[in-house]
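Structural overview
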Amino acid sequence: MKKIKLSKEHKTYIMVIAIYIIVEILMAAGVLSSHIKGLLVPMVYYAIAAVGLNLCVGILGELSIGHAGFMCIGAFSSAIFSNLVKDILPGGIRFLLAFVVGIAFAALFGFLIGIPVLRLNGDYLAIVTLAFGEIIKNVINAVYLGFDGRGLHASFTSASAMGLDAGGTTILNGPMGINGTPRDANFTIAMLVLLITLFIVQNLIKSRDGRAIMSIRDNRIAAESIGIDITRFKILAFTISAAIAGAAGVLFGHNISSLQATSGNFGYNISILILVYVVLGGIGNIRGSVIAAGILYMLPEMLRGLNAYRMLIYSIVLIAMMLFNWAPGARKWRSRVFGRFVRKEAA
Amino acid sequence: MALLEVNDLSISFGGLRAVDDLSFSIEKGELYGLIGPNGAGKTTVFNLLTGVYKPTEGIIRLDGEDITGKKTVDINKAGIARTFQNIRLFKELPVIDNVAVGLQNIEGCMYSTLDSILHTPKYHKVEKEIRDRSMELLKVFSLDGEWDIMASNLPYGKQRKLEIARAMATSPKLLLLDEPAAGMNPNETAELMDTISLIRDKFGMTILLIEHDMKLVSGICEKLTVLNFGRVLKQGVTKAVLEDPEVIKAYIGE
C-alpha cells in the first residue's frame with residue numbers, strides 16, 4: 001500500500017477538523033453541559049488570536065503585547081456595523097460583511113501603529129505595543145456613537161451630547177459599550193475561521209514572503225545585505241497579525257449581545273494571556289499555539305469544581321507545559337519518543 | 001571602465017577619521033585584496049561600500065552608477081553582495097532557505113504576497129524554480145548534501161561557504177568577502193581558496209576581500225590596497241606590495 005506522507009501543515013488541519021467532529025458528536029450526544037458549550041467559541045477565538053500573535057512573535061520575532069487592542073478594534077468595528085445593518089441585511093451576509101469590516105479596521109490600525117512602532121526592537125517594542133493596546137481600549141470606552149435619520153453622530157462627552165433625533169438609536173454608549181449585537185457567532189463558524197487563519201499563516205510561512213520575514217528575525221543586518229526590504233516585510237507581518245486578531249475580535253463581539261471594552265475583555269492581561277498560549281505552545285510553532293490555547297483556556301474553567309485549588313493546578317500545568325516544550329532534557333526525550341514515528345514514516 | 005571606482009572616500013566618527021581619502025578601482029573579473037593591521041578601517045570600508053555607513057566625503061561608483069549614500073537594500077539590488085567577519089547566517093532556517101532567500105529580487109524567482117498566501121499555481125511553479133536554482137548553487141559549494149539541515153548545525157567552514165553562496169544568490173556584480181578565512185584551519189583555508197577561485201572562474205565574479213591570512217592573500221589576490229590608520233599605505237600588484245618595506249613594517253614591526 002502506498003503511504004501518503006502528510007506535511008506538518010496538513011496534520012494541523014486534520015487535528016482541527018478532528019477536534020471539530022469530536023466536539024460536534026459530543027454536543028449531539030448531549031454530553032456537554034451548557035457551560036462548556038458556552039466556552040467553545042471563546043476557546044476558538046483565543047486560538048485564532050494566538051496563531052495571529054505567533055506570526056508576529058515567532059515568525060517575525062517581534063514581541064507584541066498589544067494584540068488585545070486589535071481584537072478590541074475588530075470586535076467594536078464589526079459590532080457597530082452589525083448593529084447598523086441588522087434590520088436591513090439577512091444573518092449570513094451580515095456576518096460575512098462584519099468580518100470584512102472588523103478585519104479591515106484591525107489591519108488598518110495594525111498598519112498605522114506598525115509604521116512607528118516597528119522602528120523599535122525587543123523590550124521597547126513590547127512596551128509601546130502594550131501602551132497602544134491600552135490606548136485603543138480606553139478611547140473606545142470614551143466614545144459615544146449614535147445613528148438617526150440624518151446619519152451617524154459621535155461624541156466624546158455623553159450620549160445626549162450627540163443630539164440624536166427622536167427616532168435615533170445609540171449604538172456605542174461609552175463605557176456601557178454596545179448592546180443588542182446579533183449573536184451570529186457559533187462554534188462551526190469559529191472553527192472555519194480558525195482553519196482559514198491557519199491556511200493563511202501556514203502558507204505565508206512557506207513562501208517567498210515568509211522566508212524574507214524569518215530572515216529578518218534571524219539576522220536583520222544580513223537580510224538587508226541581500227536586498228530584503230526590512231520595513232516592508234515587518235509591516236506586512238504585523239498587519240496580517242493584527243488582522244487575524246481582528247477576526248478573533250469579530251467572533252468575540254458577535255458571541256455576546258452586550259460588549260464592553262473592559263480590562264477583563266481587552267486589557268493588557270488578555271494580551272499577555274494570548275502571549276502565554278504562544279510561548280507555551282512553542283514560539284514559531286503554529287499548531288502548538290492552537291493546542292496550548294485549547295488546553296489552557298478550557299482548563300481553569302473545567303477545574304471550577306475544585307474552587308480554591310483551581311489556580312494552583314493551572315499554574316502547575318503552565319510550568320509542566322513550559323518544561324515539556326523548552327527544557328533541554330524534555331526536548332531530547334521528546335525527539336527520542338516521537339522521533340521513532342518520524343523515522344518510520346520516512347522509510 | 002573599472003567596475004568599482006572609489007574616489008576620495010572618507011568617514012569621520014566624531015574626531016576620528018576612520019577612513020581617510022581612500023581611492024582605488026577594481027576592474028571586472030579582478031580579485032582584489034584589502035589588507036591592513038587591526039583597526040585599520042577595512043571593515044569600515046565594506047560598511048561604506050554597502051551603505052551601512054554614509055561617507056562624509058567621496059564618491060563610490062559601481063559600473064558607472066553613483067551608489068554613494070544609497071541604502072543597503074538598494075546597493076544590493078545595484079549589484080554588491082557581501083559576507084560578514086562574524087558569520088551572519090539565518091540560523092533557524094534550513095540551508096536551502098538561506099540561499100533561497102537570496103533569490104528574493106531575482107527575475108523569475110518572484111511572485112506576489114497574494115500568491116504567497118493562496119499558494120496559487122504560480123507559487124508552485126516559481127517555488128520549484130527557486131528550489132532548483134538554490135540546489136544548483138549549493139552544488140557549486142558542495143553543500144547540496146546538507147540542504148535540509150538548520151544552518152546553525154553546519155560546521156564552521158561550511159557556514160562560511162553558505163554565507164558566500166547566499167551572497168552569490170543575489171547575482172551580484174561585485175562580491176565583498178570580509179575575512180573569509182578567519183578561524184579556519186589550514187585545510188579549510190585551502191578549500192576556501194579553491195572555492196573563491198571557482199566562483200571567479202565559473203561566474204566571472206569580481207571579488208574584493210579583506211584578509212589577514214597572508215598565504216591566502218598572496219595566493220589568490222592580483223592587486224592589493226594596504227590600509228593603516230584609515231589611510232592608504234600602499235597600493236598595487238600583490239607581489240610588489242607585500243615586499244614593500246613600509247608594509248612589512250606596519251604588519252610585522254621593525
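If you're wondering where the values come from, they're calculated on a predicted model, not measured in any experiment. (Residues numbered from 1 in each chain as written. Chains lettered and ligands numbered in written order. Predicted model: local features only at pLDDT ≥ 70, side-chain atom pairs only at ≥ 80, totals over all residues.)

Focus: the sheet that holds strand β6 (residues 80-82) of chain B
Residues and elements named next belong to chain B. Strand order in the open sheet formed by 6 strands is β6-β7-β8-β3-β9-β10, and the pairing between neighbours is mixed. Looking at the sheet topology across the chains shown, the edges are occupied by β6 and β10 (231-237). In this sheet, neighbouring strand axes are inclined to one another by 15° on average, regardless of whether the strands run parallel or antiparallel. Pairing between strand β9 (residues 223-228) and β10: 6 bridges, direction antiparallel. By the bridge assignment, Thr-225 is partnered in β10 with Gln-235. Where helix α1 (residues 42-49) meets the sheet, it contacts β3 (31-35), β6, β7 (174-178), β8 (206-210) and β9, and its direction lies at approximately 150° from that of β7. (Pairing = 2+ DSSP bridges. Helix = DSSP H or I, 4+ residues; strand = E, 2+ residues; numbered from the N terminus. Axes fitted to C-alpha atoms, helices over the stretch in contact; angles between N-to-C directions. Contact = placed C-beta atoms within 7 Å.)

A few points about the domain arrangement of chain B
All names here are of chain B. In terms of domains, chain B is made up of domain 1 (1-79 + 173-196 + 204-249) and domain 2 (92-171). Listed per partner, the contact involves 11 residues of domain 1 and 10 residues of domain 2. Mapped by element, the contributors of at least two residues to the side of domain 1 that touches domain 2 are α2 (72-78), β7 and α7 (186-203). With 4 residues, the single largest contributor to the side of domain 1 that touches domain 2 is α7. Looking at the side of domain 1 that touches domain 2 residue by residue, the classes come out as 5 nonpolar, 3 polar and 3 charged. (Domains from an automatic or database assignment. Nonpolar A, V, L, I, M, F, W, Y, C, P; charged D, E, K, R; others polar.)

Some remarks on unusual backbone geometry
Residue and element names in this part refer to chain B. The backbone of Asp-63 sits at a positive phi, close to 55°, despite the residue not being glycine. According to the C-beta neighbour criterion, Asp-63 is partly exposed, with 16 such atoms within 10 Å. In this structure, Ser-171 is a non-glycine residue whose phi angle is positive, near 50°. (Buried ≥ 20, exposed ≤ 12 C-beta atoms within 10 Å, placed from the backbone.)

A short note on the pairing of β7(B)
Residue and element names in this part refer to chain B. Judged by how many residues are buried, β7 sits mostly within the fold: 5 of 5 residues are covered. Judged by which residues are buried, β7 turns out to be covered on both faces: Leu-174, Leu-176 and Asp-178 on one side and Leu-175 and Leu-177 on the other are all buried. Relative to β7, β6 runs parallel, the two sharing 3 bridges. Directly across from Arg-82, in β7, lies its bridge partner Leu-176. When β7 meets β8, the two strands line up parallel, connected through 5 bridges. Within the sheet, the bridge partner assigned to Leu-177 lies in β8 and is Leu-209. Handedness of the crossover joining β7 and β8 through α7: right-handed. (Right-handed = clockwise from strand over helix to strand, strands pointing away.)

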